Amino acid sequence: MRRSPHALADRVRAAEPRAIARALSIVEDAGDPAADLVAALHPHGGRAYLVGITGAPGAGKSTLVDALVVELRRAGKRVGILAVDPSSPFSGGAVLGDRVRMQRHAPDAGVFIRSMATRGQLGGLARATADAGIVLDAAGFDYVVIETVGVGQDEVDIARTADATVVVLVPGTGDEVQALKAGIMEIADIFVVNKADRPGADHVMADVEGLLALQSFAPGTWRPPVLRTEAVSGSGVAELLDALRGFREQSAAILEARRRSRSAFRVREALAAVLMERLESSLGAGELDAMVEQVASRRLDPYHAAERLGSRLFPPEVDD
Ligand SMILES: Nc1nc2c(ncn2[C@@H]2O[C@H](COP(=O)(O)OP(=O)(O)OP(=O)(O)O)[C@@H](O)[C@H]2O)c(=O)[nH]1
Ligand SMILES: [Mg+2]
């Protein structure tokens, strides 16, 4: 028999740090316990503001998050932070670095910090991040900040978990151009040029403004602002928080649409997993492997293999 997730869920909702940590481990491990826990917590969420912070390695994301936490705590807000690293294995150095850097908030009960790294597939990490967001939301954090390293498709997927996405660029590395090419332009609600104390910040800002100028924004719709910050000194971070608040206030329709498309994605993803599980359990031992072997040896193509296996779940209707 499965253990009831309700006792743990109650403790998460009471914002007990140990319960939150345990809940996050459960969602990272996935499977039935994760599904049960999410089921218990999901009705109690929907209040947190999920903010994604993404950008190239070393752009200053963690330093920026740290400075943002200072501002948010000043405003009396509770903050949960997920530092997600798709590129490093579980015990990666960058993850450890995140922990150390934000350590000064550790004794603050209004702040909860968790690192998450790849355990298996990247798709799994996006799912785990989304579920971790549900946990922190249910624990009553006003802001859930999701830091993701990198500028590729995997990071874009993880960033889609958020209500608002901040793209962090830095002067003088050439990374900014790469970031914009990788399609990150489309996911940015706010651009931040960090390390503005370094030469070239104006240049990056002008580049981004130039790209924005090529797009048309209907009157009354959100146009991503391009901000400059010095995360180490905290300069510009209050303005970043203002922009985040402004986005939330002025873009209610966008946020609602995102929540819906996120829900649609989650349902489809969960459905695919359920169907796959059913299929695998209805197949005889080694049957799937045998089919794969036929494809590998070119006796069968992948589409017909899928059709044959799928017909186990949904036998073709027979007309008589
Ligand atoms: N000069 C300057 N350095 C900064 C600024 N912000 C961050 N840094 C430095 O940049 C380095 C990387 O900062 P992090 O906050 O770890 O960057 P990150 O983007 O979180 O890095 P990863 O998580 O490893 O991708 C650190 O040495 C910071 O002190 C800034 O505004 N100006
Ligand atoms: Mg970091």
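Please refer to the structure higher up on the page.
Residues numbered from 1 in each chain as written. Chains lettered and ligands numbered in written order. Predicted model: local features only at pLDDT ≥ 70, side-chain atom pairs only at ≥ 80, totals over all residues. Heavy atoms only, no water.

Participant: For this particular structure, what's the right way to read the environment of Glu280?
Facilitator: For Glu280, the location among the structural elements is in helix α11 (residues 252-282). A relative accessible area of 43% means that Glu280 is categorised as partly exposed. For the pair Glu280 and Leu309, spaced 29 residues apart in sequence, the C-alpha to C-alpha distance is 9.3 Å. (Helix = DSSP H or I, 4+ residues; strand = E, 2+ residues; numbered from the N terminus. Buried < 20%, exposed > 50% of the residue type's maximum accessible area, 1.4 Å probe, protein only.)

Participant: Even after reading the chapter, I still don't get the pairing of strand β1 (residues 49-55), so can you show me in this structure?
Facilitator: Residues in a regular strand point their side chains to alternate faces of the sheet. Of all 7 residues making up β1, 7 are buried, and the element is well covered by its neighbours. In β1, alternate side chains face the same way, and those of Tyr49, Val51, Ile53 and Gly55 on one face and Leu50, Gly52 and Thr54 on the other are all buried. Bridging between β1 and strand β4 (residues 143-149) involves 7 bridges; their strand directions are parallel. From the neighbouring strand, Gly55 faces β4, where its bridge partner is Val149. Sheet topology places β1 next to strand β5 (residues 164-169); 4 bridges connect them, and they run parallel. Considered in β5, the bridge of Ile53 is made with Val166. (Pairing = 2+ DSSP bridges.)

Participant: What exactly am I supposed to notice about the pairing of strand β6 (residues 190-193) here?
Facilitator: Of the two faces of β6, the one holding Ile190 and Val192 and the one holding Phe191 and Val193 are both buried throughout. For β5 and β6, the ladder comprises 4 bridges, and the chain directions are parallel. Looking across to β6, one finds that Val166 is bridged to Ile190. Where β6 meets strand β7 (residues 226-228), 3 bridges bridge the pair, whose relative direction is parallel. Of the residues in β7, the one forming a bridge with Phe191 is Val226. What joins β6 to β7 is helix α9 (residues 201-213), and the crossover it makes is right-handed. (Right-handed = clockwise from strand over helix to strand, strands pointing away.)

Participant: Just to check I follow, could you spell out the nonpolar core for this structure?
Facilitator: If you look at soluble globular proteins, the nonpolar side chains tend to sit buried side by side. Counting 34 residues, the largest nonpolar core has Val12 and Ile20 as its most contacted members. Listing elements by their share of this core, those giving two or more residues are α1 (6-13), α2 (17-29), α3 (31-41), β2 (79-89), β3 (111-118), α6 (122-138) and β4. Here the element with the most residues in this core is α6; it accounts for 8 residues. What Val12 contacts, discounting residues up to four positions off in sequence, is Ala19, Ile20, Ala23, Leu41, Val135 and Ala139. Among the nonpolar cores identified, the runner-up in size contains 31 residues, and Val51, Val166, Leu241 and Leu244 belong to it. (Core = buried A, V, L, I, M, F, W, Y, C linked by side-chain atoms within 4.5 Å. Contact = heavy atoms within 4.5 Å.)

Participant: Help me out: how do you make sense of the packing of α1 against α3 in this one?
Facilitator: The relative placement of two packed helices is expressed as an angle between their axes plus a distance between the axes. Where α1 contacts α3, the axes come no closer than 9 Å and their chain directions differ by 50 degrees. Classified by the angle between their axes, α1 and α3 sit oblique to one another. The chirality of how α1 crosses α3 is right-handed. Across the interface between the two elements, His6, Leu8, Ala9, Val12 and Arg13 from α1 touch Leu37, Ala40 and Leu41 from α3. Within the contact of α1 with α3, the residues separate by chemical class into 6 nonpolar, 1 polar and 1 charged. (Axes fitted to C-alpha atoms, helices over the stretch in contact; angles between N-to-C directions. Parallel < 35°, antiparallel > 145°, perpendicular 65-115°, else oblique. Left-handed = near helix turned anticlockwise from the far one by under 90°. Nonpolar A, V, L, I, M, F, W, Y, C, P; charged D, E, K, R; others polar.)

Participant: Quick question: what am I supposed to make of the packing of aromatic side chains here?
Facilitator: When we look at a pair of aromatic rings, we describe it by the centre distance and by the angle of the planes. The full count for this structure, using the stated rule, is 2 aromatic pairs. Between the aromatic rings of Tyr49 and Tyr143, the centroid separation amounts to 5.5 Å while the plane-to-plane angle is 55 degrees, which identifies the pairing as tilted. A residue pair is termed long-range when its members are at least 10 positions apart, and Tyr49 in strand β1 and Tyr143 in strand β4 qualify at 94 residues. Judged by relative accessible area, which is 1%, Tyr49 ranks as buried. (Phe/Tyr/Trp six-rings, centres within 6.5 Å; stacked < 30°, edge-to-face > 60°.)

Participant: Could you clarify how one ought to interpret the pattern of salt bridges in this entry?
Facilitator: Any two side chains of opposite charge can pair, so long as their charged atoms come close to each other. Evaluation of the coordinates by the stated rule reveals 14 salt bridges. Of the charged contacts, one joins Arg228 and Asp202 as a salt bridge, the two residues approaching to 2.6 Å between their closest N and O atoms. Taken together, the residues span a long stretch of sequence, with Arg228 in strand β7 and Asp202 in helix α9 at a distance of 26 residues. Among the residues examined, Arg228 registers a relative accessible area of 38% and is labelled partly exposed. Note that Glu209 is salt-bridged to Arg223, the shortest N-O span being 3.3 Å. (Salt bridge = Lys/Arg side-chain N within 4 Å of Asp/Glu carboxyl O.)

Participant: Even after reading the chapter, I still don't get the packing of helix α12 (residues 287-296) against helix α13 (residues 302-313), so can you show me in this structure?
Facilitator: It is the contact of α12 with α13, at a shortest axis distance of 9 Å, that shows an interaxial angle of 160 degrees. Comparing the axis directions of α12 and α13 gives the class roughly antiparallel. Where α12 crosses over α13, the handedness of that crossing is right-handed. Judged by residue contacts, Glu287, Leu288, Met291, Gln294 and Val295 of α12 engage Pro302, Ala305, Arg308, Leu309 and Arg312 from α13. Within the contact of α12 with α13, the residues separate by chemical class into 6 nonpolar, 1 polar and 3 charged.

Participant: Would you mind showing me how to read the side chain of Arg127 here?
Facilitator: The residue Arg127 is located in helix α6 in this model. Assessed through its relative accessible area of 18%, Arg127 is described here as buried. Sequence-distant contacts of Arg127, that is, excluding residues within four places in its chain, are made with Val27, Glu28, Ala30, Arg266 and Glu269.

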